[in-house]
Structures are given as structure tokens and as C-alpha cells.
Amino acid sequence: MQPTNGVQKSPVICITGASAGVGRATALAFAAYRKASIGLIARSSDALEEVKAEVERLGGRALVLPLDVADPDALEAAADQVENAFGPIDVWINVAMVTVFGPVHAVTPEELKRVTEVTYLGSAYGIQTALRRMRLRDSGTILQVGSALAYRSIPLQSAYCAAKHAITGFIDSLHSELIHDNSRIRLTTVHLPAVNTPQFDWARSHMPRRARPMGTIFQPEDIARAILHATENPRREYWLGGSAMQAILGNFLAPGFADRYLADTAVEGQMTEEREIPGRPDNLYHPVDGLHRTRGRFGRPHNSLRLTAPSGAARGLAMAAGLILAGGLGFMMSRASHR
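The structure contained in this document is the topic of the report that follows. (Residues numbered from 1 in each chain as written. Predicted model: local features only at pLDDT ≥ 70, side-chain atom pairs only at ≥ 80, totals over all residues. Heavy atoms only, no water.)

1. Topic: the overall build of the chain
Along the chain, the regular secondary structure elements total 10 helices and 14 strands. Of the contacts made within the chain by residues no fewer than 6 positions apart, 78% connect residues no fewer than 24 positions apart. Carbon and sulfur atoms form 57% of the exposed surface of the chain, whose accessible area is close to 15500 Å². (Helix = DSSP H or I, 4+ residues; strand = E, 2+ residues; numbered from the N terminus. Contact = heavy atoms within 4.5 Å. Areas by Shrake-Rupley, 256 points an atom, 1.4 Å probe, with all protein chains shown as cover.)

2. Thoughts on the pairing of strand 12 (residues 237–240)
Residues Glu237 and Trp239 of strand 12 are buried on one face, and the alternating residues Tyr238 and Leu240, pointing to the opposite face, are buried as well. Sheet topology places strand 7 (residues 186–192) next to strand 12; three bridges connect them, and they run parallel. Bridging across to strand 12, Val190 finds its partner in Tyr238. (Buried < 20%, exposed > 50% of the residue type's maximum accessible area, 1.4 Å probe, protein only. Pairing = 2+ DSSP bridges.)

3. Focus on the environment of Ala47
Along the polypeptide, Ala47 turns up in helix 2 (residues 45–57). In sequence terms Ala47 and His292 are 245 residues apart; their C-alpha atoms lie 6.2 Å from each other. Among all residues touching Ala47, those that are not within four sequence positions of it are Ser19 and His292.

4. Considering the environment of Ile38
Assignment of secondary structure puts Ile38 in strand 2 (residues 37–42). Put simply, Ile38 and Arg61 are 23 residues apart on the chain and 6.1 Å apart in space, counted from C-alpha to C-alpha. Other than its neighbours up to four places away in sequence, Ile38 contacts Ile13, Ile15, Ala27, Phe30, Ala31, Val55, Arg61, Ala62, Leu63 and Phe86.

5. Looking at the pattern of salt bridges
Scanning the model with the defined rule gives 22 salt bridges in all. The residue Asp68 makes a salt bridge to Arg114 at a minimum N-O spacing of 2.7 Å. Residue Asp68 is located in the loop between strand 3 (61–66) and helix 3 (72–86), and its partner Arg114 is located in helix 4 (residues 109–137); the two are separated by 46 residues in the primary sequence. Close ionic contact of Glu221 with Arg295 constitutes a salt bridge, the shortest N to O distance being 3.1 Å. Here Glu221, found in helix 7 (residues 220–232), pairs with Arg295, found in the loop between strand 13 (271–275) and strand 14 (307–308); they are 74 residues apart in sequence, far enough to count as distant. Beyond isolated ion pairs, a larger network of salt bridges with shared partners links Asp201, Arg210, Glu274, Arg293 and Arg297. (Salt bridge = Lys/Arg side-chain N within 4 Å of Asp/Glu carboxyl O.)

6. Some remarks on the side chain of Arg209
Turning to its location among the elements, Arg209 is positioned in strand 10 (residues 209–211). Here Glu268 takes part through its side chain, which lies 2.5 Å from a polar atom of the side chain of Arg209. A polar contact of 2.7 Å, which involves the side chain of Arg209, links it to the backbone oxygen of Thr272. Discounting chain neighbours no more than four positions away, the residues touching Arg209 are Glu268, Met271, Thr272, Glu273, Glu274, Arg275 and Glu276. (Polar contact = N/O pair within 3.5 Å; in protein donor to acceptor, adjacent residues only side chain to side chain.)

7. A look at the packing of helix 3 against helix 4
Put simply, helix 3 and helix 4 touch, their axes get as near as 9 Å, and they point 40° apart. With respect to helix 4, the element helix 3 is oriented oblique. Between helix 3 and helix 4 lies a crossing whose hand is right-handed. Judged by residue contacts, Pro72, Leu75, Glu76, Ala79, Asp80 and Glu83 of helix 3 engage Gly122, Tyr125, Gly126, Thr129, Arg132, Arg133 and Arg137 from helix 4. Residue composition of the contact of helix 3 with helix 4, grouped by class: four nonpolar, three polar and six charged. (Axes fitted to C-alpha atoms, helices over the stretch in contact; angles between N-to-C directions. Parallel < 35°, antiparallel > 145°, perpendicular 65-115°, else oblique. Left-handed = near helix turned anticlockwise from the far one by under 90°. Nonpolar A, V, L, I, M, F, W, Y, C, P; charged D, E, K, R; others polar.)

Interpretation in functional terms is not warranted from these geometric data alone.
Structural data, given as C-alpha cells:
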């Protein structure tokens with residue numbers, strides 16, 4: 001997306017999870033603000049056709065690519081289709097995910113495997129697909145949509161939290177490899193707060209009451225604009241919203257306290273007063289027709305979204321505070337041992 005002769009090039013983008021929520025909002029943002037050519041990847045061809053029509057109305061171009069990101073061969077074929085239609089891929093954005101709400105003992109091995117296949121392996125496969133093309137040109141940007149839950153797990157979302165932790169570890173390895181190779185490929189992760197998406201309507205749940213986002217809720221359109229900014233100004237990581245920053249830093253500083261706090265607040269905090277409907281359709285293995293949209297059911301709250309500077313500075317602050325705390329504890333223990 002580098003300017004040519006002072007003119008901004010319309011980028012070629014691939015977005016997984018493009019049929020709803022943050023992925024759909026991101027496609028529309030790139031169409032509206034950058035007139036991008038976009039490979040739309042998700043499982044529902046009907047929903048992707050709707051997004052394509054919106055993208056084209058906003059001045060972009062789109063290619064519908066219905067597939068499951070847990071299938072690496074399908075991702076490879078989709079990337080080839082995008083490059084044949086639009087040219088080299090400039091930006092690859094991983095958004096696709098599935099989750100299961102419920103306590104660890106209620107999540108089945110099959111459900112745990114499926115969340116891992118989509119939310120972790122689907123992202124890893126997407127990154128590898130992008131790399132195979134970008135390394136030939138030594139250019140391009142890969143953006144992973146992460147979560148504050150990649151650093152601070154919460155109850156009732158063990159499978160999803162584990163998958164987000166895993167992809168963060170995968171990306172950390174890749175950062176070092178790209179530095180070693182003096183690569184010009186840019187890699188960034190955007191860690192999200194609670195977002196008002198349809199996942200709370202169609203995710204599989206073992207909870208007695210309907211799921212809801214925990215904490216301050218942000219809208220997908222605001223997240224999408226932050227993602228667009230991050231692709232054009234890549235840093236190692238971005239943390240979106242004060243709540244995400246508080247969760248991540250809080251876990252660095254006092255994980256035991258966070259365990260107890262979440263035990264007291266995060267179980268009830270993730271459920272509404274409405275009873276869950278037993279046996280309702282969910283999207284763990286197949287898309288749910290009729291629910292593909294950008295926003296979920298939580299009204300129209302508008303909370304100011306902060307795009308936090310590179311997390312290295314914040315991590316450094318957390319580490320410094322931790323060292324001070326550890327030093328203070330060591331001093332007190334030393335004094336006690338000499339009494």
C-alpha cells in the first residue's frame with residue numbers, strides 16, 4: 001500500500017471471517033476508505049455475496065471465497081484466486097474464529113479440538129499462506145486480530161483463550177524469524193476488547209443463560225478503522241481500548257489477584273438474564289443462516305476507543321513495576337530473616 005508517484009495505491013486484501021462482525025466491518029472500511037480489492041473468506045457463500053455487494057457499493061472490488069480456514073489447502077487455493085484476479089496480496093488479515101462458552105468440565109474433546117482448529121490453526125495456516133507469497137516479493141503486511149484474552153484468560157472461555165494464547169506464541173516466533181532474515185514483511189497483532197458482534201448469538205454455549213460481552217462494549221466499525229490504521233502503521237502489537245490494556249497489564253502485575261477478581265465477576269458478567277435456548281443452532285461446525293451482520297444484539301453503545309501505542313512500552317512499565325514489587329518483597333524477606 002505504499003504510495004506510487006504520490007498516489008496511494010488501492011491495496012489487495014485478504015480477510016478471513018469476512019462474513020460478519022469485525023471481519024465484515026473491516027472489509028467495508030477498506031472498501032470505503034481505500035477502494036481496496038478484497039478476497040472475502042468465510043464459510044457462508046450467501047453472506048459473502050451480501051458483503052461483496054456492500055464492498056462494491058462503497059467503491060471497492062471483491063471476490064467471494066467460501067471455505068473453512070481449518071483447511072490449509074482451501075486457503076492456498078483462495079490466495080491463488082485473489083492474486084489471479086487482483087494481483088499480489090498486499091495485506092492478509094486473520095479474523096476468523098469460533099468459540100464455546102461454558103466451564104472446562106462441560107467442553108467436550110471434539111469442541112475443544114474444533115475451536116483449536118479454527119481459531120488457532122486457521123490463523124496459523126492463514127499466516128503461512130500469506131508468507132508463501134510475500135516472501136517471494138519481500139513485501140506485504142500480515143495482521144492478526146487477537147484479544148486481551150490472549151494474555152488474560154477468563155472463565156467460561158477456556159478453548160478460545162487457549163487458542164488466542166497459542167497464536168500469540170506462534171507470531172512471537174515469526175517476529176524473530178523475520179528479523180533474522182532482514183525481511184521487509186510487516187507483522188502486527190491487534191488485541192481487541194469486548195466487541196458487539198453476532199458471536200454471542202450463534203456461538204455454542206453450555207451456560208444456563210445467554211452470553212454477552214464482558215466489560216465495556218465497542219462497535220465493530222470502530223475496531224475496523226483501528227485495524228485499517230494498524231495495517232498502514234504496523235507496530236508489534238496494538239491494544240484497543242482501556243479495558244484491554246487494564247486486563248493485560250493487570251495480569252502482568254498481579255495474576256493471582258486477577259484470578260480471584262474474575263472468579264467473582266466474570267461468570268455472571270458473561271451472562272444476561274435471558275435463558276439460553278437448548279439445542280439452538282450454533283456455528284461451531286456450520287454457519288448459521290440469517291444472522292450474518294456486522295453488529296450483535298447489544299444496542300448501539302458508543303464508547304471511545306483508544307488505540308494504545310506499541311505494547312513494548314506498556315510491557316516495559318509492567319516489568320519495571322514487577323521488578324520493583326519483587327525487589328520490595330525480597331527486601332522485606334531479607335529483613336525478616338535477620339530478625
